[in-house]
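# An overview of the molecular structure
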Amino acid sequence: MADNSILLSTAGRSLLADTSIFDSKVPEISKENGLIGSVSDAEEEMPQIETRVILVQEAGRQEELIRALKEIKVPYLKMESVKEFEDSDSSEFENIFVVMDFQDAVFKDLYKADYRILGPPVVLNCAKTGEPLPYSCRPLYCASMSNLVLCFTGFRKKEELVKLVTLAHYMGGTIRKDFNSKVTHLVANCTQGEKFRVAVSLGTPIVKPEWIFKAWERRNEQDFCAAADEFRNEFKVPPFQDCMLSFLGFSDEEKANMEEMTEMQGGHYLPVGDEQCTHLIVEENAIKELPFEPSKKLYVVKQEWFWGSIQMDARAGESMYLYEKANTPELKKSVSLLSLSTPNSNRKRRRLKETLAQLARETDISPFPPRKRPSAEHSLSIGSLLDISNTPESSSNYGETPKSCTKPSKNSTPVPPKQSARWQVAKELYQTESNYVNILATIIQLFQVPLEEEGQRGGPILAPEEIKAIFGSIPYIFDVHTKIKEDLEDLIINWDESKSIGDIFLKYSKDLVKIYPPFVNFFEMSKETIVKCEKQKPRFHAFLKINQAKPECGRQSLAELLIRPVQRLPSVALLLNDLKKHTADDNPDKNTLERAIGSLKEVMTHINEDKRKTEAQKQIFDVVYEVDGCPANLLSSHRSLVQRVETISLGEHPCDRGEQVTLFLFNDCLEIARKRHKVIGTFKSPHGHTRPPAALKHICLMPLSQIKKVLDIKETEDCRNAFALLVRPPTEQANVLLSFQMTSEDLPKDKWLKMLCRHVANTICKADVENLIYAADPESFEVNTKDMDSTLSRASRAIKKTSKRVTRAFSFTKTPKRAFRRTLITSQSSAEGRSPCSSSDTYIGSRLSSTSSLAGIPSPSLVSLPAFFEKRSHTLSRSTTHLI
């Protein structure tokens, strides 16, 4: 099939890139013939040819196409056959045929006659964008692969390759035979070959042939683009496609995890020694010698190849990760030659002696294992011990080391004539600070910086909000402690017993208050984010596996490294206390150290208090999500959740008797919610996380100042674990009684009532908490718990609810019960000369029955309620008059 020449519009503007092997010939053709529409130096002008569109068969019956042609102002004709066109052909027009189906006989006839052919999506897109119809010597159905340069590899059947190339051309794609940097997508039928390797190294997306077929199926969608990540990722070639993997030297748990990852990444796993196996993954630290002689076709690679392939989302080259035996003949020969070439053994013994002396003098404070052999260029003076470059954390290069870490230490550290205990503790403080700074640098350079890099192969491993949740304020902590380490280093180098170490920490105490609370408060969230991303994102799991195996991490996980900031301040406080013990009383630093220790304690207290507030706010948000219709004003910076209690309503209010009611006690209010009868569906948060449906329904949010008495109902055979609240709403002249039975087994009733009374007293500024609790007889208040859990009682409640629904369903007036009660109360209130209650007042009046006042003030008259409340109100009034 012929390749495209350059594609031009009627104005001579190129719309599609050249896709043929004649790229190099285009300039020559342009020089000989000139571009369409160009004007020669001579006065003669080329004759103008008008473009005309021929709508063939079904295309002529598409009203949308006809409207699009009118918008771009192009004349058109409707024809049913090619013969009909040949009879009316004219040289005055440049004809473009629009065909609905690129597979029928009419299309084939037009293609053989070398006519320009377009698909309906091209015309519709031009009308939408206001651009002229493109010039193409190839049939062009749509532009879903416009500006894409494709290359193919691994195809043995010519018919299959021709079909794929043809469809790509129909969608505006460009084809290249050889792979180069201009190729945007590699269509691969296998995971081998030079093109595949180059594409992996350049980070070029590698897709399956099905990508082209599925894109062709969506050819009529106007806004569809085959290069969209969401669509393309469905057809990417997985890293282990066509691979059969075996694992040697891993624990059962790790092996099972790797086998699961293999299948997720398109591969298969086999037992060790299977002849069909293509790759043997070896744990190099556990396996010193293979149990069998591998075949030449078998790749024996380290586990880093496995995790590296998953991280970059493509099969990595095996040559960089080949496993080598520790006792190969070549290695033995090199060792023997090295030993023979040694001038004498005295140097070896002297070097060994120096190494042992080094290990003996170093304090074991490094969080990482010591190096096997220190560099010979470092001396064993005290200065080398203080040199940060001599610590295990900085012995390896990783990423771009922060400037503060690259600052060389002074190796000419003067050694005090007599190393005092104060100097020893100060040196330990500096060394631990140096190690801590290096751990922070490892976290930033080995984990955070690579995750934040743009243009990652295979796309970003984590979203920006996930990275922020994991690392938080680590960079700010690193900056402050780098300054502290530098100040300590200067102090140690220029040591004097009168030098103040406490001033260093007092200098940065305000910075510590700012940077530590955000990290410590959300540390648990950071760990949860790591665990969640590891499970949901294989590339992140592989990223952690690769980096945590590096010597800079000391075989510690990212979560284990991130806990160091949580532990650092208490460790510094202990060292400063130890330093104060070894500081003379007449030393000016004695008082400074006490102040520094006090400032650190204030920082830790602030962290704990801030953490408590954060957790309290989180608990309030949980309540808001759990309670449907919860008022927004529940969210307040000064409010905290004290206790949650599960109860059952014993009266008709605040809800029907027998309803399950949950009480949320806050420091200044009480949220009352009942269990929802039917939970429908779920909803998604803006971040896409599905949240469970609210299990509770809001009844009312009551300030604690409205609670006048807490009634401790005495235990009887008919009344168990019951209590009541005497409440007076601010706009009502009568008190209302709420009675409940506690169902929480882990919280005793007396403890709950004392807790409630204490917060009520705090709210109303009273010290006599015990006066709020009153021991009451259940018969006096008509409170009982008998038959609350019986089958008959449950059936009765169900019948009652059904009766209410049926009554509402067959009501002709459809008057809500609340509106009916409001009308009665308003009319009776007006008759007594009072103004009608507000909507909020009637809500409480309609939900709660009235009693006489049990508060410590004379009781006013009862509010006038409907007749069906009066009998109960007067009965309760007679039983409680002795409390007034």
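Before reading on, note that the structure itself is shown above.
Reference entry: report on the structure contained in this document. Remember, predicted model here, so these are calculated numbers, not experimental data.

### Some words on the pairing of strand S21 (residues 696-703)
Bridge count for strand S15 (residues 627-628) against S21 is two bridges, and the pairing is parallel. Within the sheet, the bridge partner assigned to valine 627 lies in S21 and is leucine 696. Bridging between strand S18 (residues 669-675) and S21 involves seven bridges; their strand directions are antiparallel. Bridged to isoleucine 672 within S21 is cysteine 700.

### Things to note about the sheet that holds strand S13 (residues 279-282)
With respect to topology, four strands assemble into an open sheet ordered S12-S11-S13-S14, the strand pairing being parallel. What marks the edges here is a single partner per strand, and that holds for strand S12 (268-269) and strand S14 (299-302). Against the sheet, helix H10 (residues 252-264) contacts strand S11 (244-248), S12 and S13, and its axis sits at roughly 170° relative to S11. Taken strand by strand, helix H11 (residues 303-311) contacts S11, S13 and S14, and its axis lies near 80° from that of S14.

### Notes on the pattern of salt bridges
Two side chains carrying opposite charge are able to pair once their charged atoms lie near each other. By the definition in use, this model includes 23 salt bridges. For arginine 676, the salt bridge goes to aspartate 628, with nearest N and O atoms at 3.8 Å. With arginine 676 in the loop between S18 and strand S19 (683-684) and aspartate 628 in strand S15, the pair connects residues that are 48 residues apart, well separated along the chain. Arginine 676 gets classed as partly exposed once you look at its relative accessible area, which sits at 23%. Among the salt bridges present, the one from aspartate 668 reaches arginine 639, with a minimum N-O distance of 2.8 Å.

### Regarding the nonpolar core
Looking at soluble globular proteins, one finds that nonpolar side chains tend to be buried together. Judged by nonpolar contacts, the single largest core of 60 residues is most densely connected at Ile501, Phe540 and Leu576. Here this core gets 15 residues from one element, more than from any other, and that element is helix H16 (residues 421-452). Setting aside anything within four residues of it in sequence, one finds leucine 576 in contact with Leu429, Ile501, Phe505, Leu593, Ala596, Ile597 and Leu600. Counting residues in each nonpolar core, the second largest holds 34 residues, with Val207, Trp211, Ala215 and Phe235 among its members.

### Regarding the environment of glutamine 741
Mapped onto the elements of the fold, glutamine 741 is located in strand S24 (residues 735-742). Overall, the relative accessible area of 14% leaves glutamine 741 in the buried class. Considering only alpha carbons, one finds glutamine 741 and leucine 650, 91 residues apart in sequence, at a separation of 6.7 Å. In terms of polar contacts, glutamine 741 uses its side chain to reach the backbone carbonyl oxygen of arginine 720, at 3.3 Å.

What counts as what
- Residues numbered from 1 in each chain as written.
- Predicted model: local features only at pLDDT ≥ 70, side-chain atom pairs only at ≥ 80, totals over all residues.
- Heavy atoms only, no water.
- Pairing = 2+ DSSP bridges.
- Helix = DSSP H or I, 4+ residues; strand = E, 2+ residues; numbered from the N terminus.
- Contact = heavy atoms within 4.5 Å.
- Axes fitted to C-alpha atoms, helices over the stretch in contact; angles between N-to-C directions.
- Salt bridge = Lys/Arg side-chain N within 4 Å of Asp/Glu carboxyl O.
- Buried < 20%, exposed > 50% of the residue type's maximum accessible area, 1.4 Å probe, protein only.
- Core = buried A, V, L, I, M, F, W, Y, C linked by side-chain atoms within 4.5 Å.
- Polar contact = N/O pair within 3.5 Å; in protein donor to acceptor, adjacent residues only side chain to side chain.

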